[in-house]
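Here's the letter readout for the chains.
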Amino acid sequence: MSFVEIEIASQPECWRRAAELAPSHAAALPAPGERVAVVGCGTSFYMAQAYASLREESGQGETDAFAASEFPTRRRYDRVVALTRSGTTTEVLELLGRLSGTTPTVAITADPETPVMTAADAVVVLDFADEQSVVQTRFATTLLTLLRAHLGLHTDAAVRDAERALAEPLPEGLVDCAQFTFLGRGWTTGLANEAALKMKEASLSWTESYAAMEYRHGPISIATDTTATWMFGGAPEGLREQLLETGARWVESDLDPLADLVRVQRLAVARPTARGLDPDAPRHLTRSVVLADA
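Remember, predicted model here, so these are calculated numbers, not experimental data.

Enquirer: Tell me about the pairing of strand β1 (residues 36-40), and please be specific about residues and values.
Expert: In terms of burial, β1 is largely enclosed, as five of its five residues are buried. Of the two faces of β1, the one carrying Val 36, Val 38 and Gly 40 and the one carrying Ala 37 and Val 39 are both buried. Two elements, β1 and strand β2 (residues 63-67), share five bridges in a ladder whose sense is parallel. The residue of β2 that forms the bridge with Ala 37 is Asp 64. Taken together, β1, helix α3 (residues 43-57) and β2 constitute a β-α-β crossover, and its handedness is right-handed. Across four bridges, β1 lies against strand β3 (residues 79-83) in parallel orientation. Paired with Val 36 across the two strands is Arg 79, which belongs to β3.

Enquirer: Which residues make up the pattern of salt bridges, and what are the values?
Expert: According to the stated counting rule, one finds 14 salt bridges in the structure shown. Taking the shortest distance from any N to any O, the salt bridge between Glu 168 and Arg 164 comes out at 3.0 Å. Since its relative accessible area comes to 35%, Glu 168 is described here as partly exposed. Put simply, Arg 240 and Glu 252 hold a salt bridge, and the shortest N to O gap is 3.5 Å. Taken as a pair, Arg 240 in helix α9 (residues 239-244) and Glu 252 in the loop between β9 (249-251) and α10 (257-274) lie far apart in primary sequence, twelve residues in all. Take Arg 240: its relative accessible area is 35%, and that puts it in the partly exposed class. Overall, Glu 252 belongs to the partly exposed group, its relative accessible area being 40%. Several salt bridges share partner residues, and in doing so they unite Asp 161, Arg 164, Glu 168 and Asp 254 into one network.

Conventions and cut-offs
Residues numbered from 1 in each chain as written. Predicted model: local features only at pLDDT ≥ 70, side-chain atom pairs only at ≥ 80, totals over all residues. Heavy atoms only, no water. Buried < 20%, exposed > 50% of the residue type's maximum accessible area, 1.4 Å probe, protein only. Helix = DSSP H or I, 4+ residues; strand = E, 2+ residues; numbered from the N terminus. Pairing = 2+ DSSP bridges. Right-handed = clockwise from strand over helix to strand, strands pointing away. Salt bridge = Lys/Arg side-chain N within 4 Å of Asp/Glu carboxyl O.

Next up, the structure:
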């Protein structure tokens with residue numbers, strides 16, 4: 001098995017541990033009513049989008065998500081949460097340095113031996129979810145589980161659904177599709193963005209992602225009998241039927257949306273394996289982006 005396959009399979013246990021740890025990190029994580037910004041790069045940015053939507057929708061405070069390089073420094077927040085698996089990403093470290101002494105910061109990372117440990121005011125370390133693969137899977141879903149638990153939104157059912165997502169076969173024929181579109185609503189829009197990224201990174205697939213209601217406004221025009229549209233969570237009324245009229249495949253699930261992301265991770269590994277590619281070594285990518293001139 002590849003590293004990424006092993007890491008994907010370990011997610012249910014990682015989620016259990018993260019949920020158990022959440023109360024012990026309550027002081028470092030955003031309190032109800034705080035105005036919060038969440039930042040990250042790549043996969044971590046999309047997890048930031050999902051968390052920001054969950055937190056605001058649950059009434060716990062205004063929450064924005066930004067790519068670390070695009071943080072609006074003129075805005076004022078009560079706390080900034082930085083998500084970084086490696087703890088070495090240049091854009092995240094530079095932003096934490098600019099915020100030092102002006103805005104409380106907390107970082108969630110997988111590696112306690114990296115610069116982020118001193119760059120942020122507080123740090124949550126999920127070293128049990130660290131990864132050898134370049135492609136992020138379990139760290140991203142584990143940190144989101146921690147944050148969902150902190151919001152009071154995690155349940156054991158999500159873990160059981162992740163176990164189902166690992167055990168049940170993928171829908172037949174998906175490996176051979178020419179293009180994939182991922183859709184979400186609210187917090188699952190971040191999951192859709194992450195699903196599209198995962199398929200690009202691991203399998204060199206042509207993918208797109210949208211807020212579900214936006215799909216009708218142009219993107220549906222590319223749907224054909226060689227494409228698949230994957231919906232995270234409940235679909236807008238009539239969208240499934242409209243998509244099926246194009247001849248494209250429609251994919252949905254009754255799983256917790258985060259568990260449904262596990263199915264996409266499996267597909268992202270199955271496609272390159274079928275094509276003789278190595279999912280642990282995606283082209284042009286490294287585990288962390290560290291800019292030499294930073």
